[in-house]
Every structure is written in structure tokens, then in C-alpha cells.
Amino acid sequence: PLDGSFEIALDAAAQPLLALLERDPDLAIFQLLRESSRGGANYGVTHSVHSAIASHLVAQRLGWNASDTRRAFNAALTMNLSMLELQGQLAARHMPLTSTQRDAIAAHPLASVRLLEDCGVGDRQWLDAVAQHHELPDGSGYPRQLREVCELASLLRHADIYTARLGPRATRDGQAGDLALKEMFRRGARDPIVTATAREFGMYPPGCYVMLACGETAVVIKRGQSLGTPLVVSMLDSSGTPLDEPVRRDTALAEYAIVKAVSDRRVRLSTRRRRLAARTA
């Protein structure tokens, strides 16, 4: 509709998440990792929300004003609007892409722009960012192989890729936070958006599991003073036995220093204990 109802509805739906980002960004990041869909039908929506969280936080880290930060949030939330259902299908897929699916992926930036325009969105910066969020400065992106890419589109692209790496699919676990950051730096070490993402999320973002020097397995609940020293809650002792109660550990201390990230599949916790970790966060 062209009466502005789409943006009104989008604003209403976004308010709880924006309030959480304002009140407790660590909890928002925790939910980004721990509430991920494993390639179900809702994967497209879940991924859009995660991309919006990342875009909002990194925009703030870059020093963008409130209006530009909100635009980044809205653009990330809607950049894949035309392929939300397809994303759910692809996340659960074990077979190679069909030619029809490849065509839909290649067309989705401009198709999403058309949907937004049909819904009455007239913000040119928002629309241009959605159109360009898969373009690359060397001209190897799509759909138009542009070399001039707006900063907002670049932010969306990085948020899209980073959160997709962190999130699990039906066919794989999410990538460890430190590895996801290393891959980003490998592809764009001098990019200020990459640097801002690293500073905002850290090597071990809230929600990821880690092994400590003392042998305990913990879940990160809060970012620390440096990229590699978050606050964590230990859930398993050195033998892999669940602790009676979660215990907070400061990884800046040598005995609780993080040794490595741990895959979700290797952390054997009951649903009740996973929920307890979430409540502790």
C-alpha cells in the first residue's frame, strides 16, 4: 500500500527489538546466537532480524547519527524481502542450487527494492542500499557489477555475511566468532566496517560457548574490556559434568582465560540448563 502503513507496521514490529538494543545490547547479541533457527521455514525472517541487530550496533560503533542508524536497521531488516521463503528452503537444503533458485538469488536485491517501493517506501538511501547490498568495489558483485557502492550497502553486506556465518543451518553448525572475524579481516582488513564489527562483537560474542584454561566450558554473556576477554558463565566442569549452578568467570584472569571456542554440538546441556544460561545472561 502507498499510504505509509508498511513503515508504520515495520516501526511497530521493530520497537521491542530496538528497546532491547538500547537497554541491553549484550543480551541482544546473546539472543542473536542462541535463538538461531537451524534452517527452518523461518530462517529468512530470523536472519533478517540478526542482520538488523548487527547493522544497528555497528552503525552506532561507527558514530552514525540516530537517523542513519535507524535507516541501517530498517534496510537490513528488509534487504532480503523478496526471498524470505526461499532462504528458508535453501537453509535446509542438502542439494545443489537449481537454475531457478540461482536466478532468484541474483534478482533478489532489485526485486526487494520493487516490493519496498510498492509498499510506499520512498527513502532513496534505504532503497539504494538494498539494491547494492551484494555489490563489491571491484565490480565482482551483483546484480549490476557496480564499483561505486554506498557505505550503507557495504554495512548491510558485512552484517549479512557475518551473521550468516555465526548462525547454524540444518547442514552445519554456526562458525565460531573468532573464525568469522578472521575471515572478515582476510577479505577486508582495512575496511572500517570490519574493524567496527570486531570492536562491537569481540572475538567471542555473547551467546557463544568457550573452553577456559581451567578446563571448564562456559557461555559468553557479556563483552569485556578487550576483544578476547568477555565475561562468561561456566556451565560444565573440566570433566564435562554440568555444574550445580552457573558460575561467572572473568576471562581477563589467567586461570579463566579462553582457550578456544566450542561448537554447540560439543556442549551437552539439557534444555533446562541452556535456558538457565540464558536467564543468567
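Predicted model, so just to flag it, every value in this text is computed and none were measured.

Rules used throughout
Residues numbered from 1 in each chain as written. Predicted model: local features only at pLDDT ≥ 70, side-chain atom pairs only at ≥ 80, totals over all residues. Heavy atoms only, no water. Helix = DSSP H or I, 4+ residues; strand = E, 2+ residues; numbered from the N terminus. Contact = heavy atoms within 4.5 Å. Core = buried A, V, L, I, M, F, W, Y, C linked by side-chain atoms within 4.5 Å. Buried < 20%, exposed > 50% of the residue type's maximum accessible area, 1.4 Å probe, protein only. Axes fitted to C-alpha atoms, helices over the stretch in contact; angles between N-to-C directions. Parallel < 35°, antiparallel > 145°, perpendicular 65-115°, else oblique. Left-handed = near helix turned anticlockwise from the far one by under 90°. Nonpolar A, V, L, I, M, F, W, Y, C, P; charged D, E, K, R; others polar. Polar contact = N/O pair within 3.5 Å; in protein donor to acceptor, adjacent residues only side chain to side chain. 1 Å grid on protein atoms, 1.4 Å probe; cavity = no way out; pocket = protein on both sides within 12 Å on 5 of 7 lines; lining within 4 Å. Points joined across faces, edges and corners; volume = space filled by probe spheres on them. Pairing = 2+ DSSP bridges. Phe/Tyr/Trp six-rings, centres within 6.5 Å; stacked < 30°, edge-to-face > 60°. Salt bridge = Lys/Arg side-chain N within 4 Å of Asp/Glu carboxyl O.

> Explain the environment of Leu136 to me, please; I cannot follow it from the model alone.
By the element assignment, Leu136 lies in the loop between α7 (124-132) and α8 (151-166). If we skip the residues at most four places from it in the chain, Leu136 touches Gly141, Leu146, Arg147, Val149 and Arg157.

> Mind showing me how you'd approach the nonpolar core here?
Looking at soluble globular proteins, one finds that nonpolar side chains tend to be buried together. Core analysis: the largest hydrophobic core is formed by 67 residues, its most contacted members being Leu21, Phe73, Leu152, Leu155, Phe201 and Val210. Setting aside chain neighbours within four positions, we find Val210 in contact with Tyr204, Glu216, Thr217, Ala218, Val220, Val232, Ile258, Lys260, Ala261 and Val262.

> Can you help me understand the packing of helix α4 (residues 66-78) against α8 in this one?
Describing two packed helices takes the angle between their axes plus the distance from one axis to the other. It is the contact of α4 with α8, at a shortest axis distance of 10 Å, that shows an interaxial angle of 55 degrees. For the element pair α4 / α8, the angle class is oblique. Our pair here, α4 against α8, has a crossing hand that is right-handed. Facing Arg71, Ala72, Ala75 and Ala76 of α4, the residues of α8 in contact are Leu152, Leu155 and Leu156. Of the residues contributing to the contact of α4 with α8, the split by class is six nonpolar, no polar and one charged.

> Is there a simple way to explain the side chain of His134 in this structure?
For His134, the location among the structural elements is in the loop between α7 and α8. A polar side-chain atom of His134 sits 3.3 Å from a polar atom in the side chain of His133. In contact with His134, not counting residues within four places along its chain, are His108, Pro109, Gly141, Tyr142, Arg157 and Asp160.

> What is the right way to look at empty space enclosed by the protein in this model?
The rolling of a water-molecule-sized probe over the atoms marks out the regions of remaining empty space. What the rule picks out here adds up to two cavities of 30 Å³ or more. Lining the second largest cavity, in full, are Ala54, Ser55, Val58, Leu155, His158, Ala159, Tyr162, Thr197 and Phe201. Taken together, the elements giving at least two residues each to the lining of the second largest cavity come down to α3 (43-61), α8 and α10 (192-201). Looking at side-chain class alone, the lining of the second largest cavity contains six nonpolar, three polar and no charged residues.

> Can you walk me through the sheet that holds strand β4 (residues 242-250) in this structure?
The strands making up a sheet are joined through hydrogen bonds of the backbone, oriented either antiparallel or parallel. Pairing is antiparallel across the open sheet formed by five strands, whose spatial order is β4-β3-β2-β1-β5. Both outer strands of the open sheet, β4 and β5 (258-262), are each paired with one neighbouring strand and no more. The average angle at which neighbouring strand axes cross in this sheet is 35 degrees, direction not considered. Note that strand β3 (residues 231-236) and β4 share five bridges and pair antiparallel. Residue pairing across strands places Val232 opposite Arg249, the latter belonging to β4. The sheet contacts of helix α2 (residues 25-34) involve β1 (209-212) and β2 (217-222), and relative to β2 the element is tilted by about 135 degrees.

> Can you walk me through the packing of aromatic side chains in this structure?
The description of two aromatic rings rests on the distance between their centres and on the angle between their planes. A complete count under the given rule lists one aromatic pair for this structure. Considering the side-chain rings of Tyr162 and Phe201, the 5.0 Å spacing of their centres and the 70 degrees angle between planes classify their relative orientation as edge-to-face. Of this pair, Tyr162 sits in helix α8 while Phe201 sits in helix α10, and the two are 39 residues apart along the sequence. Taken individually, Tyr162 and Phe201 each receive the classification buried, so the pair is uniform in this respect.

> Please explain the pattern of salt bridges as it appears in this structure.
Any two side chains of opposite charge can pair, so long as their charged atoms come close to each other. Applying the stated criterion across every chain, the model contains 13 salt bridges. The salt bridge involving Glu117 is made with Arg124; its shortest N-O contact spans 3.6 Å. Glu183 serves as the salt-bridge partner of Arg186, at 2.7 Å between the closest nitrogen and oxygen. Taken together, the residues span about one helical turn, with Arg186 and Glu183 both in helix α9 (residues 177-188) at a distance of three residues. Salt bridges here are not isolated pairs; linked through shared partners, they connect Asp26, Arg61, Glu200, Lys222 and Arg223.

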